[in-house]
Amino acid sequence: MPADTTEDVRTRGAGVSRQVAVLPVGSFEQHGPYLPLATDTLVACAVAREIAAAYPVHLLPPVTISCSHEHAAWPGTVSISSVTLHSVVRDIAASLRRSGVEALVVVNGHGGNYVLGNVVQESSARGERMALFPAAEDWETARERAGVATSLLTDMHAGEIETSVLLHASPEFVRPGYETSDFVADDRRHLLTLGMSAYTDSGVIGRPSLGSAEKGKALLASLADSFGAYFSLLTAEGSEGSEGDASADAGRG
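Residues numbered from 1 in each chain as written. Predicted model: local features only at pLDDT ≥ 70, side-chain atom pairs only at ≥ 80, totals over all residues. Heavy atoms only, no water.

**Student:** Any details on the layout of surface pockets? Residues and values, ideally.
**Tutor:** Estimates place the volume of the second largest pocket at around 230 Å³. What lines the second largest pocket is a set of 13 residues, among which Met1, Pro2, Cys45, Arg49 and Pro62 lie closest to the centre. (1 Å grid on protein atoms, 1.4 Å probe; cavity = no way out; pocket = protein on both sides within 12 Å on 5 of 7 lines; lining within 4 Å. Points joined across faces, edges and corners; volume = space filled by probe spheres on them.)

What follows is the structure in structure tokens.
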């Protein structure tokens, strides 16, 4: 949770022509027997904290429950509708604008939050400043820089990337078992119809055994570097509308 006071926010905004807020969006869904239900929220918050450490942004608390319907077969998973998530993000953006914060970056930690791309597209078409981060290209760059062996296709859920980020940022939440839980299911063409349970018994799709804290640290550092282009775009004078539409294909599983 951000520790800012209202005076911290006032001071940070002084002299800044265009303020940017960062909203982590996670989920509450199964991540196998070794990662917590809050994994996507922890990942999104880790990315957002890394951004806030490098750029003068207004860090918001996370949205912790989102669209996890494909994981409904596992105990503990909780979802809200895409319509609700759409409304929540829109309402947050509107509230920020009323307080003088013109731009919002949604840091998505869950690949199933497809609706966030629509929120950004629609907001940008109205001339509002909004972006979705990280894009698939940002993850691919981070994967290469960190030496992650698993492809983004294979590393779908509770795999090398998510395990690495948590081993670095929140190691106390990682339980034993990731070392022996690798499972690959690259052909998932009926995922939206059948859900995750049609492709994995454990809830894992990826190679968590390859995860490490060192890779997690490098992943976050790379994403912070990639964020620079988004920050420049959203704070540039005269930049309006569709230019703020930064990838609708962001987030991990």
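**Student:** Which residues make up unusual backbone geometry, and what are the values?
**Tutor:** Here phenylalanine 133 and proline 134 are connected by a cis peptide whose omega angle stands at -5 degrees. With respect to the secondary-structure elements, proline 134 resides in the loop between β4 (129-133) and α5 (136-146). Positive phi, close to 60 degrees, is recorded for alanine 158, a residue that is not glycine. For alanine 158, the location among the structural elements is in the loop between α5 and α6 (160-169). (Helix = DSSP H or I, 4+ residues; strand = E, 2+ residues; numbered from the N terminus.)

**Student:** Can you break down the pairing of strand β1 (residues 20-25) residue by residue, with the values?
**Tutor:** Among the 6 residues of β1, 6 are classified as buried, and the element is accordingly described as predominantly covered. Side-chain alternation along β1 places Val20, Val22 and Pro24 on one buried face and Ala21, Leu23 and Val25 on a second face that is also buried. Judged from the 6 bridges that link them, β1 and strand β3 (residues 103-108) form a sheet pairing that is parallel. Within β3, the position partnered with alanine 21 by the bridge is leucine 104. In terms of strand pairing, β1 meets strand β2 (residues 58-59) through 2 bridges, oriented parallel. Counted as the bridge partner of valine 22 is leucine 59 from β2. In this fold, the crossover linking β1 to β2 by way of helix α2 (residues 39-54) has right-handed handedness. (Buried < 20%, exposed > 50% of the residue type's maximum accessible area, 1.4 Å probe, protein only. Pairing = 2+ DSSP bridges. Right-handed = clockwise from strand over helix to strand, strands pointing away.)

**Student:** So what's going on with the packing of aromatic side chains? Which residues, and what values?
**Tutor:** Summed over all chains, the structure comprises 7 aromatic pairs. Between tyrosine 55 and phenylalanine 227, the aromatic rings sit 5.2 Å apart at their centres with planes inclined by 65 degrees, giving edge-to-face as the arrangement. With a gap of 172 residues between them, tyrosine 55 in the loop between α2 and β2 and phenylalanine 227 in helix α8 (residues 213-235) connect regions that are remote in the sequence. By the burial criterion, tyrosine 55 is buried, and phenylalanine 227 matches it. A centroid spacing of 6.5 Å and a plane angle of 40 degrees characterise the contact between phenylalanine 227 and phenylalanine 231, whose relative ring orientation is tilted. Residue phenylalanine 227 and its partner phenylalanine 231 are located together in helix α8, separated by 4 residues, close to a single helical turn. A relative accessible area of 0% places phenylalanine 227 in the buried class. Among the aromatic residues, those joined into a ring-pair cluster are Tyr55, Phe133, Phe227, Tyr230 and Phe231. (Phe/Tyr/Trp six-rings, centres within 6.5 Å; stacked < 30°, edge-to-face > 60°.)

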